[in-house]
Amino acid sequence: GGGGMPMPPPGMMLPGGMPPPGMPPGFPHGPPLGQGMQHRPPPPQAYPAVFEFLPGVASLMEDLDKRVLVTLRDGRHFVGMMRSFDQYGNVMLEDTYERHVHGDLYADERLGLYVIRGENMVLLGELDMEKEQEQAASREVTLEKMQEAKRKASAEKAEDELDMEKE
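All values reported here derive from a predicted model rather than from experimental measurement.

A. Region of the structure containing the overall build of the protein. For the protein, the count of helices and strands is 2 helices and 6 strands. Counting across all 167 residues of the protein, residues that qualify as buried make up 22%. Contacts in the protein between residues at least 24 apart in sequence constitute 46% of all its contacts with a sequence separation of at least 6. Here the protein has roughly 12,900 Å² of accessible surface; of this, 56% comes from carbon and sulfur atoms.

Structural data, given as structure tokens:
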């Protein structure tokens with residue numbers, strides 16, 4: 001290093017009103033009038049007033065106060081009113097229920113207020129409430145009947161695997 005004078009922080013002037021080395025004349029306010037670049041307004045599309053989309057986690061703003069479906073890495077599905085999110089993509093859902101689906105059957109398990117860690121989310125999307133009401137193809141059953149149907153299906157699958165091993 002050198003024993004010279006330390007550099008002032010940006011925006012500071014050296015004694016005697018001189019700009020720091022490497023800064024243009026008139027620093028920090030730009031060149032004196034009549035010198036340097038002339039002021040030109042930005043091209044019309046350079047700074048749109050409203051973004052067409054929000055990048056990254058900010059895109060979750062569009063889903064605030066809407067009913068959303070969230071799919072997790074482990075395959076679970078949650079439906080709830082999205083009330084909040086943070087910079088990590090963690091989401092808070094209100095009036096949440098876990099939707100269990102098996103074939104044409106489904107059951108909703110009520111959970112209430114629920115926080116989902118952003119790193120576990122695979123998909124988050126707004127639900128179309130009209131289509132949600134119609135659901136002609138699916139039939140709602142109790143959680144107990146859903147669990148029974150899943151147990152039966154896994155027992156049948158295990159039987160089939162045993163039969164395949166015997167052949």
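B. Seen up close, the side chain of Arg-67. With respect to the helices, strands and loops of the structure, Arg-67 is situated in strand 1 (residues 67-72). Although Arg-67 lies buried, it forms no salt bridge, and the closest oppositely charged side chain, Asp-95, sits 4.6 Å away as judged by the N-O distance. Beyond its immediate sequence surroundings of up to four residues, Arg-67 is in contact with Val-79, Gly-80, Met-81, Asp-95, Tyr-97, Gly-125, Glu-126, Leu-127 and Met-129.

C. Spatial organisation of helix 2 (residues 143-166). The end-to-end C-alpha distance of helix 2, which contains 24 residues, comes to 35 Å, matching closely the 34 Å that a straight helix rising 1.5 Å per residue would cover. Looking only at helix 2, the buried set comprises Leu-143, Met-146 and Ala-149.

D. Molecular detail of the pairing of strand 3 (residues 91-102). Looking at chain direction, strand 2 (residues 77-85) and strand 3 are connected through 7 bridges and run antiparallel. Each bridged residue has a counterpart across the sheet, and for Val-79 the counterpart in strand 3 is Tyr-97. Following strand 2, the chain reverses through 5 residues before pairing antiparallel with strand 3; Gly-89 in that reversal takes a positive phi of roughly 85 degrees. Sheet topology places strand 3 next to strand 4 (residues 105-116); 10 bridges connect them, and they run antiparallel. Its bridge partner being in strand 4, Thr-96 is matched across the sheet by Gly-112.

E. Structural detail: the sheet that holds strand 1. Overall, mixed pairing links the 6 strands, which are arranged 5-1-2-3-4-6 in an open sheet. Whereas interior strands pair on both sides, the edge strands pair on one side only; in this sheet they are strand 5 (121-126) and strand 6 (139-140). Against the sheet, helix 2 touches strand 3 and strand 4, its axis set at about 50 degrees to strand 3.

F. Representation of the environment of Leu-124 in the model. Looking at where Leu-124 falls in the secondary structure, it is placed in strand 5. Taking C-alpha positions, Leu-124 is 8.9 Å from Asp-63, a pair spaced 61 residues apart along the chain. Sequence-distant contacts of Leu-124, that is, excluding residues within four places in its chain, are made with Leu-60, Asp-63, Val-68, Leu-69, Val-70, Met-82 and Val-91.

G. Summary view of the pairing of strand 2. Pairing of strand 1 with strand 2 involves 5 bridges; the strand directions are antiparallel. Its bridge partner being in strand 2, Leu-69 is matched across the sheet by Val-79. The antiparallel pairing of strand 1 with strand 2 creates a hairpin that spans 4 residues between the two strands, and Gly-75 there sits at a positive phi of about 95 degrees.

H. Region of the structure containing the pattern of salt bridges. Within this structure, the stated rule accounts for 6 salt bridges. Asp-74 is paired through a salt bridge with Arg-76; the nearest N and O atoms lie 2.8 Å apart. Because the salt bridges share partners, they merge into one network encompassing Asp-65, Arg-83 and Glu-94.

I. Quick peek at the packing of aromatic side chains. All told, the structure shown has 1 aromatic pair when counted by the stated rule. On the numbers, 4.9 Å between centres and 25 degrees between planes, the contact of Phe-78 with Tyr-114 is stacked. One end of the pair, Phe-78, is in strand 2; the other, Tyr-114, is in strand 4, and 36 residues separate them in sequence. On the accessibility criterion, Phe-78 (0% relative accessible area) is buried.

Calculation notes
- Residues numbered from 1 in each chain as written.
- Predicted model: local features only at pLDDT ≥ 70, side-chain atom pairs only at ≥ 80, totals over all residues.
- Heavy atoms only, no water.
- Helix = DSSP H or I, 4+ residues; strand = E, 2+ residues; numbered from the N terminus.
- Buried < 20%, exposed > 50% of the residue type's maximum accessible area, 1.4 Å probe, protein only.
- Contact = heavy atoms within 4.5 Å.
- Areas by Shrake-Rupley, 256 points an atom, 1.4 Å probe, with all protein chains shown as cover.
- Lys, Arg positive; Asp, Glu negative; His and termini not counted.
- Salt bridge = Lys/Arg side-chain N within 4 Å of Asp/Glu carboxyl O.
- Expected span 1.5 Å × (residues − 1).
- Pairing = 2+ DSSP bridges.
- Axes fitted to C-alpha atoms, helices over the stretch in contact; angles between N-to-C directions.
- Phe/Tyr/Trp six-rings, centres within 6.5 Å; stacked < 30°, edge-to-face > 60°.

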